[in-house]
Amino acid sequence: MTPLAYWPTMVLSRGWAVFLTGVGVWTWVIWPRFAVAIWRDPRSWVSGTVGEWPVTSFLWVHALLIGASLVIGTAVGLLGIRAWRASRRVTPPVAVD
């Protein structure tokens, strides 16, 4: 197997860059609010009283879902920011032989 001679790049339009950044922001607006709602839900607690340990699998499953969504949303948002910054740079066209 031969190693790659170069790292291929991908170019996104500014519109897609804005969309991806917006998805990242949207993620951080929505999921923390959902986390608060799950925390306050009596189904999250064995006793049914909020904040009284131990917790149920309902809370653990939703905590993992929220955590994964925040990580993915952050990654998408950062890709959008990088794409926006890259779109501002002017690069000469590449000649293809």
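Notes on the structure follow. Just so we're clear, the structure is a prediction, and the values are computed from it rather than from any experiment.

## Quick word on the overall build of the protein chain
Then, in step 1: What the protein chain contains, in helices and strands, is 2 helices and 0 strands.
Then, in step 2: Looking at the 97 residues of the protein chain, the share that counts as buried comes to 20%.
Then, in step 3: Excluding contacts between residues fewer than 6 apart, the proportion of contacts in the protein chain whose partners are at least 24 apart in sequence is 54%.
Then, in step 4: Only carbon and sulfur atoms are counted for the fraction: they give 71% of the accessible area of the protein chain, which is about 8000 Å².

## A short note on the environment of Met10
Then, in step 1: Mapped onto the elements, Met10 comes out in the segment before helix H1 (14-40).
Then, in step 2: Residue Met10 is classed as exposed on the basis of its relative accessible area, which comes to 69%.
Then, in step 3: Sequence separation between Met10 and Ala83 is 73 residues; the distance between their C-alpha atoms is 9.2 Å.

## Topic: the environment of Ser44
Then, in step 1: Checked against the element boundaries, Ser44 lands in the loop between H1 and helix H2 (57-88).
Then, in step 2: Along the primary structure Ser44 and Pro54 are separated by 10 residues, whereas in three dimensions their C-alpha atoms are 8.9 Å apart.
Then, in step 3: Every residue in contact with Ser44, bar those within four places of it in the chain, is listed here: Ile38, Val55, Thr56, Phe58 and Leu59.

## Some thoughts on unusual backbone geometry
Then, in step 1: Residue Pro54 follows Trp53 across a cis peptide bond; omega there is 5 degrees.
Then, in step 2: In this fold, Pro54 is placed in the loop between H1 and H2.

## Structural notes on the side chain of Asp41
Then, in step 1: Tracing the backbone shows Asp41 in the loop between H1 and H2.
Then, in step 2: Among the residues examined, Asp41 registers a relative accessible area of 14% and is labelled buried.

## Observations concerning the packing of aromatic side chains
Each aromatic ring pair is described using two quantities: the centre-to-centre distance and the angle formed by the ring planes.
Then, in step 1: According to the stated counting rule, one finds 4 aromatic pairs in the structure shown.
Then, in step 2: When the ring of Trp31 is compared with that of Phe34, the centres are 5.4 Å apart and the planes differ by 85 degrees; the resulting orientation is edge-to-face. Pair noted here: Trp31 and Phe34 are both in helix H1, with a separation of 3 residues, about one helical turn.
Then, in step 3: By relative accessible area, which is 21% here, Trp31 ends up partly exposed.
Then, in step 4: Ring-pair connections join several aromatic residues into one group, and the members of that group are Trp39, Trp45 and Trp53.
Then, in step 5: Geometry around Trp84 places Arg14 over its ring, the cationic atom sitting 4.6 Å from the centre.

The rules behind each value
- Residues numbered from 1 in each chain as written.
- Predicted model: local features only at pLDDT ≥ 70, side-chain atom pairs only at ≥ 80, totals over all residues.
- Heavy atoms only, no water.
- Helix = DSSP H or I, 4+ residues; strand = E, 2+ residues; numbered from the N terminus.
- Buried < 20%, exposed > 50% of the residue type's maximum accessible area, 1.4 Å probe, protein only.
- Contact = heavy atoms within 4.5 Å.
- Areas by Shrake-Rupley, 256 points an atom, 1.4 Å probe, with all protein chains shown as cover.
- Phe/Tyr/Trp six-rings, centres within 6.5 Å; stacked < 30°, edge-to-face > 60°.
- Lys NZ or Arg CZ within 6 Å of the ring centre and 35° of its normal.

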